Structure formats: structure tokens, C-alpha cells
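Topology and contacts: notes
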Amino acid sequence: MATKVLVPRLGEGVDEVTVTKWLKQVGDSIKELEPLLEVNTDKVDTEIPAPASGVILKIEMQEGQAAKVGELLAIIGMVGENIESGKSVEVSKVSSTTETKPIETLPITQLATHNTDIGFISPVVAKIAAEQGVNLSQVQGTGLNGRITKNDVTSYVESRKSEIGSRNLTLATSTPDTLIKHTFIRNSIAQHMVMSKRTSPHVLTVMEADMSRVSKHRVANKATFERDGVNLTFTAYFMMAIVAGLKAYPIVNSSWSAEGVLIHNNINIGMATSLGEEGLIVPVIKGADNHSLLAMARSVNDLANRARNKKLQPDEVKGGTFTLTNHGISGSLFAFPILNQPQCGILGIGAMQKRVIVIDDAIAIRPMVYLSFVFDHRILDGASADWFLAKVKETLENWS
């Protein structure tokens, strides 16, 4: 009996997902627990595994389409199966130990179709036509009773390619522009950034910090941390400095509301993580004020690795009260980050460079970094913003 794949619940408060990529197509074989598709919620991509082995008989939700929890995604069964009803299951836990649970039984249609204009269409023919964007009504069938075969479709595709190639030879030699279609993540980032700029009056203040003490501490402790399986990065130090600043000035750990400024009791720091050309995502370290440097470094490693490997859970990108973005990784000295709404502030870290500075009227060379703090001017004024940033700077420069 065929199995229906339903939208699973991926986290608390997650009622809807967006289908971003089908890893299998109609007619493909699949094994139980093999990844079937990717869905996205809050910019987190999650793989949905197949709850049963068989062949993809039907795909109900197309890429880019939103689907609510419990809605039908696909049907898995056997080729040629004459199905009147199927067993519905939803993936209750997206992991290597996926469990399934029965849902109500609903009728489904057969994979092979019969169109009054073009006759019987086999699953293989339908799959090739869909992949190649072929309108089957334009294909001349050579099979029994004019039935369209696999060879008919492939021959049509090849002839169309030849026609296009010949047509292109007659065109001007100018190179056409290339359209890169927006991904779901890129669209989400764009919408969030535009909304943020429209919501808050953004103000930037910049200071620079001498990283000499932090650098020495890191060199002295890096090997010890590695023995515990932790890579001690500078990001962990910046996170700890932010915690110190937020504890000293709680007003920065806040959000604007119509009734007043909401100061958050928990310090949950988001860490902007690049996904390359796909964009970025901001996993959140919850309860950051309860972390030692070792625990902070371990959390930074874990979230960054799982973010890049698309292994984050939706809950892990929610609940942030402040954000850190390390734009200096790509060589940028300082920047003007955009607030991650509804947060009051975001701190940008520039590239660390050895620069000449004056210390006690003497010239010295020190590893320096620019700290770019962007804040919501409805909540903070210049003075209060600088007090916070000065505390971050002081924490870094006096690290022991």
C-alpha cells in the first residue's frame, strides 16, 4: 500500500514550512530514511527523510510552495500500483531515527495518467517531460496506437536543442545578461533587511580595541582547548565581551514596543554565520551570560558548523536579544550592519590588523580591531550607546 508523506512539525510554534528543493522526482526510487526533500522555516533548511521505501508516485507540493503541518507532500508506493487509498504518515522526528505515525486514510490517484488528447502517459515519460519542460501535446507518438514513448520525448528534446542552436548562430554576438533567480533564503534576507531599515532609526558608532591581551591569552590556551575538542576562536572572546557590556547596560539588551522598552532578562546572542553565496543565517546562543569561555567557544563551534551543514533546528535561530556579525573575516575593516529586528543593537567586528598607535607618548604596534555598533535610536542615545561599546572595548583590552 502506498504511503503518504505529510508535513512534520519541526519545532515549537512552527506551523508552516516552505518546500525549497525536491531531492527525488516522480518515478525515482527511494529507500526508507533516505532524504526526500528540503524544507525551510525561518531560514533554516531541514531535510525530510522518506518514511518508507518505494517509488515516488506523486509530488503534491512544488518548490517554493508553502505548506502547513499535516498537509500532503508526496506519495511513495510501487510502480504500476493500482491504488485507491494509501496509508498516511508524517515524519515525527527528522533524524536518523525517524519515527512515523499513522494518520487518517485518504484516497489517492494513480501515477500513470490518461489524457483524452495525448493518450496514455507512462510514469517514465511523464518524468522526462517534466524535467525537460516538454509539452507532450507537441510530441508525435510512435508507439502502439500513437502512444508517446520515452524515445519520442528524448528525440523531441534533441531536435529542439538543434533548432535552438541553429537559431542562436543567427543572433548578434553580444552576450546576454544572466538572471540568477532568488533563493528562498535570499528573499527572506531581503525582506527582513528592508523591514528593519523601515522600522528603526539606525545609528552607527565606532571604536577600536587593542587585542594584544586577547591574542596572548588565545595563544596560551588554544592547545588546552583543543584537547577538549574545542577550537578557541576570537569570536568566543567577542561574545564574552558583549555579555559584559549587556550586563553592565541592560537597556541595550532590549526591544522597542508601543507600550515601552522591553528589557530582556535572558541574554541570547545571535551569531551571524555566512552560508557563502546562499546568504547568511543567525543561530542563537541562549543564556550566553551563563557561559564560561570554554562553553562559549564550544557553542560557537557547534552552531557555526551545523549552520554551514544545514543541520540547525528552527528553534536555534529564534529568541535572540542581540547580534554579533564578524564581517572582518572577509577583510572588511568596519561596516554599518543592519539591526536584526526587534533587537536594539548589533555589533560588527572588523578585520584585525597590526597598526601603529601611541601609548604613553610612545609609538607602538598593536593588533587592532574596529568595533562597529549599530543601535536603535528610539531606545539608545549616543552617550548610552558609547557606554556600552566602551565596556566591550574595556573587556577586550583588559582580558586576563
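Residues numbered from 1 in each chain as written. Predicted model: local features only at pLDDT ≥ 70, side-chain atom pairs only at ≥ 80, totals over all residues. Heavy atoms only, no water.

1. Quick look at the packing of aromatic side chains
- All told, the structure shown has seven aromatic pairs when counted by the stated rule.
- Judged by centre distance (5.0 Å) and plane angle (75°), the rings of Tyr237 and Trp399 are edge-to-face. Residue Tyr237 is located in helix H5 (residues 234-248), and its partner Trp399 is located in the segment after helix H7 (382-397); the two are separated by 162 residues in the primary sequence.
- A relative accessible area of 0% means that Tyr237 is categorised as buried.
- Counting every residue linked through ring pairs, the aromatic cluster contains Phe322, Phe373, Phe375 and Phe388.
- One residue, Lys197, lies across the ring of Phe336, its end atom 5.3 Å from the ring centre. (Phe/Tyr/Trp six-rings, centres within 6.5 Å; stacked < 30°, edge-to-face > 60°. Helix = DSSP H or I, 4+ residues; strand = E, 2+ residues; numbered from the N terminus. Buried < 20%, exposed > 50% of the residue type's maximum accessible area, 1.4 Å probe, protein only. Lys NZ or Arg CZ within 6 Å of the ring centre and 35° of its normal.)

2. Things to note about the pattern of salt bridges
- Counted under the stated rule, the structure contains 13 salt bridges.
- Here Lys68 makes a salt bridge to Glu16, at a shortest N to O gap of 3.4 Å. You can see Lys68 sitting in strand E7 (residues 66-68) and its partner Glu16 sitting in strand E2 (residues 16-22), a full 52 residues away along the chain.
- For Lys68, a relative accessible area of 48% puts it in the partly exposed group.
- Linking Glu34 and Lys24 is a salt bridge whose minimum nitrogen-to-oxygen distance equals 3.1 Å. Taken as a pair, Glu34 in the loop between strand E3 (29-30) and strand E4 (35-41) and Lys24 in the loop between E2 and E3 lie far apart in primary sequence, ten residues in all.
- Overall, the relative accessible area of 17% leaves Lys24 in the buried class.
- Because the salt bridges share partners, they merge into one network encompassing Asp302, Arg306 and Glu316. (Salt bridge = Lys/Arg side-chain N within 4 Å of Asp/Glu carboxyl O.)

None of this, on its own, says anything about what the molecule does.
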